[in-house]
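Observations on chain architecture
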Amino acid sequence: MRGRAASECELIIVRYDTPSLMTWNARTYDGGFGYVSAHGAPLVDLLDPRPGERIVDLGCGTGVLTAEIASRGAHVLGIDGSPAMIEKALAQYPGLDFIVGDGRDFVVAQPYDAVFSNAALHWMGSEPDAVISSVREALAPGGRFVAEMGGAGNCAALTAAVSTAWREHGLPDPDLPWYFPTPAEYAGRLEKGGFVVRILEYFDRPTPLDECPNGAADWVRMFAGSLLHQLPAELIESLLRRVNELAAPALRRETGWMADYVRLRFAAVRR
Ligand code: BEZ
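Position labels on residues start from 1 in each chain and follow its written sequence. Under the rules for a predicted model, residues below a pLDDT of 70 receive no local features and side-chain atom pairs below 80 are neither given nor counted, while totals for whole chains, interfaces and linings still include all residues. As a rule here, side-chain values come from all non-hydrogen atoms in the structure, and water together with hydrogens is ignored.

Okay, the overall build of the protein chain next. Secondary structure elements follow DSSP: runs of H or I no shorter than four residues count as helices, runs of E no shorter than two count as strands, and numbering proceeds from the N terminus. Helix and strand counts for the protein chain stand at 10 helices and 9 strands. Exposure categories follow from relative accessible area, calculated using a 1.4 Å probe and restricted to protein chains: below 20% of the type maximum is buried, above 50% is exposed, and the middle band is partly exposed. Looking at the protein chain residue by residue over its 271 residues, the buried ones come to 52%. Counting every atom, the protein chain has about 12000 Å² of accessible surface; 52% of that belongs to carbon and sulfur. Every accessible area reported is derived by Shrake-Rupley at a probe size of 1.4 Å, with residue values counting cover from the shown protein chains alone.

The first and last C-alpha atoms of helix H10 (residues 233-251) sit 25 Å apart over 19 residues, in line with the 27 Å expected at 1.5 Å per residue. For a residue, the bend is simply the angle between two axes, fitted respectively to the seven-residue segment ending there and the seven-residue segment starting there. At Glu245, H10 shows its largest bend, some 25 degrees, and a proline, Pro249, comes one to four positions later. Inspection of H10 places Ile236, Leu239, Leu240, Val243, Asn244, Ala247, Ala248 and Leu251 among the buried residues, and these make up the whole buried set. In the core, the buried residues of H10 are packed alongside helix H7 (156-168), helix H9 (215-223), strand E8 (252-253) and strand E9 (256-270). The span one expects for a helix is its residue count, reduced by one, times 1.5 Å. Contact definition: two residues touch when any of their heavy atoms are within 4.5 Å.

We call a residue near a given molecule or strand whenever any one of its heavy atoms falls within 4 Å of it. All residues adjacent to the ligand are His122, Trp123, Asn154, Trp178, Phe180, Trp219, Phe223, Tyr261 and Arg263. A 3.5 Å cut-off defines polar contacts: any pair of N or O atoms within that distance qualifies, except that in protein one atom must be a possible hydrogen donor and the other a possible acceptor, and neighbouring residues in sequence count only when both atoms are side-chain atoms. For the ligand, an oxygen atom lies 3.5 Å from a polar atom in the side chain of His122. For the ligand, whose accessible area on its own is 260 Å², the fraction buried by protein is 97%. Every element with two or more residues in the shell around the ligand is listed here: H9 and E9.

This paragraph deals with the pairing of strand E6 (residues 139-150). Within E6, 9 of the 12 residues are buried, leaving the element largely enclosed by the surrounding structure. Two strands make a pair as long as DSSP finds a minimum of two bridges between them. The pairing of strand E5 (residues 112-118) with E6 spans 6 bridges and is parallel. Paired with Ala114 across the bridge in E6 is Arg144. A crossover gets the label right-handed when its path from the first strand over the helix to the second runs clockwise, viewed with the strands pointing away from the viewer. Between E5 and its parallel partner E6, the chain crosses via helix H6 (residues 128-138), and the hand of that crossover is right-handed. Judged from the 7 bridges that link them, E6 and E9 form a sheet pairing that is antiparallel. Note on E9: the bridge partner recorded for Ala147 is Phe266.

Before going further, it helps to examine the nonpolar core. Across soluble globular proteins, nonpolar side chains have a tendency to be buried as a group. In this structure, Leu58, Leu121, Val135, Phe145, Tyr186, Leu190 and Phe266 are the most contacted members of the largest nonpolar core, which totals 32 residues. Counting only elements with at least two residues in this core, the list comes to strand E2 (54-58), strand E3 (75-80), E5, H6, E6, helix H8 (183-192), strand E7 (195-208) and E9. Think of a nonpolar core as a cluster: buried Ala, Val, Leu, Ile, Met, Phe, Trp, Tyr and Cys residues, connected wherever their side-chain atoms sit within 4.5 Å. Leu209, Ala216, Ala217 and Ala224 belong to the second largest nonpolar core, which has 30 residues in total.

Here we take up the side chain of His122. Structurally, the position occupied by His122 is in the loop between E5 and H6. Side-chain polar atoms of His122 contact the backbone nitrogen of Gly150, separated by 2.8 Å. Beyond its immediate chain neighbours, meaning those up to four positions away, His122 contacts Met149, Gly150, Pro177, Trp178, Tyr179, Phe180 and Arg263.

The structure is reproduced here in structure tokens:
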């Protein structure tokens, strides 16, 4: 984005196949689900943090990518809605700044050069325009918003298995807590919200669930734990067994389970 004319809208939508706020358990997230951060490396490259820049990492989790951005010389503020995540981030990276905050209404004292967000915006879907507005307010004019989130069709096989298992067990359709917009929808929101969209990619990223010996069931426990609250243990076991049966034909390979992730990755500039 550096060195490009800020006035012209250059929108690139690519779809290609690659091989390849909740109560969070921060320890499990870093251990079994470390791939969330591992897959963020190309996004940090797209952000291209420069020494001395001021950058917000929105939905920073336990701070792994915050630290990566800081290692390139930027001053980074990590923000996350989960106190458990922030507690762990502070313990792991005592020299860095982290605060608990909500993407829909966080406020910063001084403008930032960039807001970065990996695998977090889909958790803030109840009010996507409020998130975009908060990000805009946090940026200086010309500041970058660089992010990756789940796009339309993300986890389709996983969520279909969940819905079917719930229905078969006589439960109401589960209220899934995520927002997976189409590229056109999110680009429209960004433009309406005061951004020029420079890059927008939409692609499949099949993701090995290396640390999920119990496949889709483990994934549901980690990421959709709120659906299981207040259900009796025997029902949970039966539901998750059925989720695995239903998801296996699409997602289970000889080498292990593969989640059907679809990514929306973008770089936009504040007008
Ligand atoms: C994702 O990164 O796409 C994702 C993770 C957990 C739940 C839903 C989506």
